[in-house]
Amino acid sequence: MRVSTLLASAGLLGSALGGLVPRSFGVPKDNGFPNPSDSQERQIALQAGGKLPGGALPKTLGPGSTVAFQLIAFNELFEVAFFNSLLQNITRGVKGYEVPEKERIEAELIIKTILAQEEQHALGALATLKSAGKFAPSPCRYQFPVNKLDDAIFLAETFTAVVLGALQDANVIFASEGQPEVVRLVSSVIGQEGEQNGFYRIHLGETPSESPFLTTVPAAFAWSALQLFVVPGSCSEDIEKIKLPIFPSLLVNGDPVAKVAPKDQKLKFAANLKGSKSARKYYGKSENLYITYTTGQQLPISVKAENVRWHKDTISLEANFPYSENVMAGFSHAALTIGKNFASADAVPERTLAAPGVIQVRNVI
Ligand SMILES: *[C@@H]1O[C@H](CO)[C@@H](O)[C@H](O)[C@H]1NC(C)=O
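Since we're looking at a predicted model, the values are computed, not measured. (Residues numbered from 1 in each chain as written. Predicted model: local features only at pLDDT ≥ 70, side-chain atom pairs only at ≥ 80, totals over all residues. Heavy atoms only, no water.)

1. Considering the state of the cysteines
On inspection of all chains with the given rule, the structure shows one disulfide. Bridging Cys-140 to Cys-235, the disulfide has an S-S length of 2.2 Å. Handedness here is read from the sign of the S-S torsion; for Cys-140 and Cys-235, about 105°, the answer is right-handed. Of the two residues, Cys-140 sits in the loop between helix H5 (101-131) and helix H6 (149-176) while Cys-235 sits in the loop between helix H8 (219-226) and strand E1 (251-252), which places them 95 residues apart along the sequence. One exposure class covers both Cys-140 and Cys-235, and it is buried. (Disulfide = S-S within 2.5 Å. Helix = DSSP H or I, 4+ residues; strand = E, 2+ residues; numbered from the N terminus. Buried < 20%, exposed > 50% of the residue type's maximum accessible area, 1.4 Å probe, protein only.)

The structure is reproduced here in structure tokens:
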């Protein structure tokens, strides 16, 4: 089955997803993660090429900073599980992940290093939350809607782009809550994740550096996107402890991650709004509905929803993708919004019915 087909069903069926993807994956079990002993932590640091930050951990965190660290920790735990599964697939030469001997040794080393670096990121975020006496999430079970190496790397490049956008948003919150040292720390991670994405992009045949200013992502959109990878009900704690809204998925051309050519075109959008009480009053209507794109550091770009069709809780529509006017190379995201003229990307979530629709403009499709 194609990735897009699996992902598409995932988006529309929401919690039924567990039944569609037969296997679930967890974090590694052999190195004490996420509670390594001192000697296990030393091993992780050696593999990662660096130790955890040395400064004192914060004793307090503001409300926004707390949620930002919870999102970061939750995401890093997912990434650890992802790269652990990817490493196993490459090492074992699982079907779809066969790499010739010479390249396999190099690929294993690279993915092992990334895995350990993600473990360090997760451990750092969890330690910060614990130090400040805040809820620190435990690993869940995860599902990855891919079964081929190139699709896995494409997915990694996509979720890393989402994280690179969400970390910008986190820095704004840390700065506004007076935590400048955290801004330094998170900026060091932004660079690190950017290095990873350069590598993934080379693997995918794209230029390593995507665009001059990477697309910003509001925390609520990153959190909503992350839910696709979590096996529903598999987290030991209630994820509602993380105070971010989860929006219904917005499929683009039938996919939660659409690959589109670098040109102006019409895109098809669909969402099932069943889970959203606030969406009820818009049912059946088509006026004042927009697709709002966020790309780079530009102000949100809203275009009118066309050919709007409602079927019970499901809405489908079309909208222009104004590629050439706005030069939208690489990753952009879309939200189904009530209204337009947003003053910033941060203003979009409160007028959103479904999001994010993840769009990847590819030169190689
Ligand atoms: C590893 O392979 C399994 C079996 O094909 C697949 O279900 C899983 O998604 C793969 N993991 C990654 C990270 O690609």
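There's more to say after this.
2. Description of the site of the ligand
As a matter of local geometry, the ligand sits amid Arg-23, Phe-25, Phe-82, Ser-85, Leu-86, Asn-89, Tyr-97, Phe-144, Val-146, Asn-147 and Ala-152. Within the side chain of Ser-85, a nitrogen or oxygen atom sits 2.8 Å from a nitrogen atom of the ligand. Here an oxygen atom of the ligand sits 2.5 Å away from a polar atom, N or O, in the side chain of Tyr-97. Burial of the ligand by the surrounding chains reaches 88%, relative to a free accessible area of 370 Å². Counting residues per element, the shell around the ligand draws most heavily on helix H4 (residues 63-92), at four residues. Of the residues that constitute the shell around the ligand, the class distribution is seven nonpolar, three polar and one charged. (Near = heavy atom within 4 Å. Polar contact = N/O pair within 3.5 Å; in protein donor to acceptor, adjacent residues only side chain to side chain. Areas by Shrake-Rupley, 256 points an atom, 1.4 Å probe, with all protein chains shown as cover. Nonpolar A, V, L, I, M, F, W, Y, C, P; charged D, E, K, R; others polar.)

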